Amino acid sequence: MVEVVSGMPFDQFLQKRILDPLAMKDTGFWISPENLDRYALSYQWNAQTSKLSVTTIPYLYKTAVTDRQRPPLGGAGLFSTAEDIAKFYQMMLNKGELNGQRILKPETVAEMTKKQTGDLAARPGMPWGLGFCVVEDPSKMEANKVLSPGSFGHGGAYSTASWDDPTKGLVWVLMFQRNGKGNPDNSDVRIAFQEAAAPALP
């Protein structure tokens, strides 16, 4: 739909309308060969060896992370860094603007970050907005207890997590490449990360 409306390939649209204006220089669907040494491998627990083993990412269709023949996906496949993700979430926290660059209208941000799914919850205490889970009741899930009602974000398939807390003016970003951890929104790593960071916050 993005390609039809914009008349641009999806990756080019993202680059022009979001990534470049936000100076998200390390975000894209492919990793350049010169940045390959920065790529964080994905791991999964191997019960037989009691060790972590490198695992593949099925969204890449068995292609190399540098393979530009792999098509960009609408729901998965972007590589990024904590710094870049923080820029995106700060833009959302600022109601669609960052460093003088207007990415979204405030009304659009409000629509994206309010409950859109009625009684259907994505996770306990969290319905879906548009592209984000919305924390309605933080007490329903352990990892959400440090967040205020109205916070929004979500966990990735490989245990990444990113959240905005508009009430406290906080952006939470956890970059973690581990498959098989179960619910990424309530992972033990996310809980430990937030419990460690929360006491140092004002």
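Because the structure is predicted, anything quoted here is derived from the model rather than measured.

**What about the overall build of the chain?**
A count of helices and strands for the chain gives five helices and 11 strands. Taken against the 2.2 N^0.38 rule, which gives 17 Å for 202 residues, the C-alpha radius of gyration of the chain at 18 Å falls within 12% of a compact globule. Reported as C-alpha extents along the three principal axes, the dimensions of the chain are approximately 50 × 40 × 35 Å. Per-residue burial over the chain gives 36% buried out of 202 residues. Nonlocal contacts in the chain, meaning residues at least 24 apart in sequence, comprise 43% of its contacts between residues at least 6 apart. Accessible surface, the chain: about 11,600 Å² in total, of which carbon and sulfur atoms supply 55%.

**Overview of helix α2 (residues 10-19)**
Listed in full, the buried residues belonging to α2 are Phe10, Asp11, Phe13, Leu14, Ile18 and Leu19. Down the axis of α2, the buried side of the element spans an arc of 155°, and every buried residue falls inside it. Packed against the buried residues of α2 are α1 (2-6) and α3 (82-93).

**Re the sheet that holds strand β1 (residues 42-46)**
With mixed pairing, the three strands of this open sheet are ordered in space as β2-β1-β11. Two strands in the sheet have a free side with no partner beyond their single neighbour: β2 (51-55) and β11 (178-179). With five bridges connecting them, β1 and β2 associate as antiparallel partners. Within β2, the position partnered with Trp45 by the bridge is Leu52.

So, how was this worked out
- Residues numbered from 1 in each chain as written.
- Predicted model: local features only at pLDDT ≥ 70, side-chain atom pairs only at ≥ 80, totals over all residues.
- Heavy atoms only, no water.
- Helix = DSSP H or I, 4+ residues; strand = E, 2+ residues; numbered from the N terminus.
- Rg over C-alpha atoms; globule rule 2.2 N^0.38 Å.
- Buried < 20%, exposed > 50% of the residue type's maximum accessible area, 1.4 Å probe, protein only.
- Contact = heavy atoms within 4.5 Å.
- Areas by Shrake-Rupley, 256 points an atom, 1.4 Å probe, with all protein chains shown as cover.
- Arc of directions from axis to C-beta.
- Pairing = 2+ DSSP bridges.

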